[in-house]
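Each chain, written out:
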Amino acid sequence: MIPCSMKLKFIYLLIFCVLFVGMPAVKARSLASRYVKELEKEAKRKQPSQEDLQKAERFFIDGVSNFMRDNPEQAYTNFQRALQIDPLNAAIHFNLAQLLHQYPELEEQSATSATVHAYTSIKLAPDNKFYYLSAVEIYISRSQYKEATAIYKKMLRQIPPTDEQVFDLANLYIHQQAYSKAIKVYNRLEKKRGVVLDIIFRKQAAYLLQNRLDKAVAAGEKLIKAHPHEEDYILILVEILAVNDHAKEAIPYLLDYLAMNPDHVYAKLRLVQLYIEEGDLKDVETYAKEILTSNELPFMTKLELMVAYIGNLPHAEAETLAKELATILVTAYPNEAYAHAVCGDLYFIVDDKAQAQKNYLNALQLDSTNYKLWDNIITISLEQNAIDSVLSFSEEALKHFPDKAAFYYYKGVGHRLKKQYQEAANAFEKGEKRANDSLALVNAFNSQLGDVYSELKKYSLADACYEAVLNFDNDNYYVLNNYSYFLALRKEKLPLANQMAAMLIEDNPDNPTYLDTYGWVLYMMGNYEEAKKQLEKAIEIMEEEATGEILEHYGDVLYRLGKKKEAVEQWEKAKDRENVSALIHQKLKDQKLYE
């Protein structure tokens, strides 16, 4: 025969297994109801003595102590022993729920047990607010918002709620995307408290989650009407409209606000920002100058406004004001590198590169560690064909950024343009080693190295660089053109040169540079008639802009075809143009082809 105390323990465990094992956590409320009924039945059959209750209390206190000392296993044992003696004790269930929530590894079915114990504590002590809140916390942690909502609603019916608790109920509805229910909660609270900011603001958020901007705006207007002296409520509505891509509708509210608050510089700033967003440039000037000279706004805020405005460039209507604003900013902040830099950006965009470079140099005098400034200055120098500046700026930039591959690239290009091929090769080689994280940059270096190695007559290195690029980008027109052209000059691998040049023309039938290359390859292969056709097409496209190189090549082809007089005429045209060979004058002097 089983002793009575052992029988109680056995029955408790049996109930626990029957109710919990294999049951989903979402059924915790029904499980807890059945669980409490079973416990009540058992409690009627076996009333614990005073001595037993004292023993249960000691187990409970020990459990709390172990829980607080981060000894969860012993705390769990203590709570279970206390529960075996006093199964209808809400405090024990509450602490077990907390323990199993914090240490889910204690039981195989802890997810179910934590929620069941939490709900059981509520069933046993329906007036204890903390038990409800604990259960809600556990359910929310499991994303079981429907269960959490049911408990919260029960608590609000049982215990007079605070406004914050009502807001929490609405938040639970929001989590379930039950936005209409959340709005109903806010409406009930609004009837109680009136039209106030915290309620209206939350209601607007719920409307926006429903994509009901009109309702959110109506709520905002209701708030403004109820509190006509709270001008900031207008600004809240402005932001709601602006961030939801309705800047145009927000502008009249800001104008109304400024009519009441003419000195509010932040409202003026927001209005100008909205004007810029809408492309309404004619109204920007009204406040922009005042904003840039205001002592109330920080420099970075003004800078951001300036950047936003020049984003409209190039634009004839915006250019004049942009320059005025840039001057104001630089004058007000002469020691701010970013002020000069943004002024440089402005002039760069409107294609006044000289003024842009002047501003960039002013910025660099204040901050020489700005990578983008160096890049911009060198780019402008390249566009202006100021090769000495390219080299000097690249050298200076490398002092600050010795591992930046781009500056080695610029330096190499500068030397190549000055026909200093070994110096160019040195720069490109150093840059290529630092460009491993960018395949595009590696290809750019190899393209340039192929050219300078060709000029240095290091043909095996040149070919390897060109082929390395084509292995990754077989449609790289720059490499296809230069590789085929240099092969033609060397009279090597002419079938490969012909194949590459033909690919160029197939994709770019009207490019005179590629037509010239193809014509030169054909010339080197002895196909003079076809070479003549390609070169004539290139000259026809370029008309009076034909380069000396193309005209000289055309003359060479004509000479090979026995048209000596026409050949000399083309050489004569070529002699004073760019990119002619060193042999051009000898050809004219002797009226004879030299290669």
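Throughout what follows, the structure given in this document is the object of discussion.

Procedures and definitions
Residues numbered from 1 in each chain as written. Predicted model: local features only at pLDDT ≥ 70, side-chain atom pairs only at ≥ 80, totals over all residues. Heavy atoms only, no water. Helix = DSSP H or I, 4+ residues; strand = E, 2+ residues; numbered from the N terminus. Contact = heavy atoms within 4.5 Å. Areas by Shrake-Rupley, 256 points an atom, 1.4 Å probe, with all protein chains shown as cover. Lys, Arg positive; Asp, Glu negative; His and termini not counted. Charge placed at Lys NZ, Arg CZ, Asp CG, Glu CD. Salt bridge = Lys/Arg side-chain N within 4 Å of Asp/Glu carboxyl O. Buried < 20%, exposed > 50% of the residue type's maximum accessible area, 1.4 Å probe, protein only. Axes fitted to C-alpha atoms, helices over the stretch in contact; angles between N-to-C directions. Parallel < 35°, antiparallel > 145°, perpendicular 65-115°, else oblique. Left-handed = near helix turned anticlockwise from the far one by under 90°. Patch = residues over 30% accessible without salt bridge, like charges linked within 9 Å, V, L, I, M, F, W, Y side chains within 5 Å. Phe/Tyr/Trp six-rings, centres within 6.5 Å; stacked < 30°, edge-to-face > 60°. Lys NZ or Arg CZ within 6 Å of the ring centre and 35° of its normal. 1 Å grid on protein atoms, 1.4 Å probe; cavity = no way out; pocket = protein on both sides within 12 Å on 5 of 7 lines; lining within 4 Å. Points joined across faces, edges and corners; volume = space filled by probe spheres on them. Nonpolar A, V, L, I, M, F, W, Y, C, P; charged D, E, K, R; others polar.

## Digging into the overall build of the chain
So, step 1. Scanning the chain from N- to C-terminus turns up 33 helices and zero strands.
So, step 2. By principal-axis analysis of the C-alpha atoms, the chain measures approximately 130 × 75 × 45 Å.
So, step 3. Look at the contacts in the chain between residues 6 or more apart in sequence, and 53% of them connect residues 24 or more apart.
So, step 4. Total accessible area computed for the chain in this model is approximately 30,200 Å², and 50% of it derives from carbon and sulfur atoms.
So, step 5. Of the charged side chains in the chain, 70 are positive and 85 negative, and the gap between their average positions amounts to 9 Å.

## Some details on the pattern of salt bridges
When charged atoms on two side chains of opposite charge get close, those side chains can pair.
So, step 1. Evaluation of the coordinates by the stated rule reveals 29 salt bridges.
So, step 2. For E395, the salt bridge goes to K411, with nearest N and O atoms at 2.7 Å. Placement of E395 in helix 22 (residues 387-400) and of K411 in helix 23 (residues 405-417) is noted, with a sequence separation of 16 residues between them.
So, step 3. On the basis of relative accessible area, E395 is assigned to the partly exposed category, the value being 37%.
So, step 4. A salt bridge links K533 to E530, with the shortest nitrogen-to-oxygen separation between them at 4.0 Å. Note that K533 and E530 are positioned in helix 30 (residues 528-542) at a spacing of three residues, about one turn of the helix.

## Here we look at unusual backbone geometry
So, step 1. Going from L313 to P314, the amide bond is cis rather than trans, its omega being -5°.
So, step 2. Although it is not a glycine, N211 sits at a positive phi angle of roughly 60°.
So, step 3. Within the secondary structure, N211 is located in the loop between helix 11 (197-209) and helix 12 (213-226).
So, step 4. One non-glycine residue, E543, lies in the positive phi region at around 55°.
So, step 5. Within the secondary structure, E543 sits in the loop between helix 30 and helix 31 (548-560).
So, step 6. Overall, E543 belongs to the exposed group, its relative accessible area being 58%.

## Focus: the packing of helix 27 (residues 477-490) against helix 29 (residues 512-524)
So, step 1. Interhelical geometry of helix 27 versus helix 29 gives an angle of 30° and a closest axis separation of 9 Å. What the angle tells us is that helix 27 and helix 29 run roughly parallel. Crossing of helix 27 over helix 29 shows left-handed handedness. Residues Y477, Y478, N481, S484, Y485, A488 and L489 of helix 27 form the contact with helix 29, whose participating residues are T513, Y514, T517, W520, V521 and M524.

## Here's the deal with a negative patch on the surface
So, step 1. Together, E540, E543, E544 and E545 make up a negatively charged patch on the protein surface.
So, step 2. Within the element layout of this structure, E544 appears in the loop between helix 30 and helix 31.
So, step 3. For E544, a relative accessible area of 65% translates into the label exposed.

## Comments concerning the packing of aromatic side chains
So, step 1. Under the counting rule described, the total for this entry stands at 19 aromatic pairs.
So, step 2. These aromatic residues form a ring-pair network of at least three members: Y371, F401, F407, Y409, Y410, F428 and F445.
So, step 3. Taking NZ or CZ as reference, K404 lies 4.6 Å from the ring centre of Y371, over its face.

## Notes on the layout of surface pockets
So, step 1. Looking at the largest pocket, its volume works out to about 1,400 Å³.
So, step 2. Residue lining of the largest pocket: 37 residues in total, with E455, Y485, F486, L489 and E549 positioned closest to the centre.
So, step 3. For the lining of the largest pocket, the per-class residue count stands at 15 nonpolar, nine polar and 13 charged.

## Quick word on a positive patch on the surface
So, step 1. Among the surface-exposed residues, K146, K153, R157, K181, K184 and R188 lie close enough to one another that they form a single positively charged patch.
So, step 2. Secondary structure elements with two or more residues in the positive patch: helix 8 (145-158) and helix 10 (179-193).
So, step 3. What makes K146 exposed here is its relative accessible area of 66%.

## Digging into empty space enclosed by the protein
So, step 1. Summed over all chains, the structure comprises two cavities of 30 Å³ or more.
So, step 2. Taken together, V272, I276, V284, A288, L292, L305, M306, Y309 and L325 make up the lining of the second largest cavity.
So, step 3. When contributions to the lining of the second largest cavity are tallied by element, the ones reaching two or more residues are helix 15 (265-278), helix 16 (285-293) and helix 17 (299-310).

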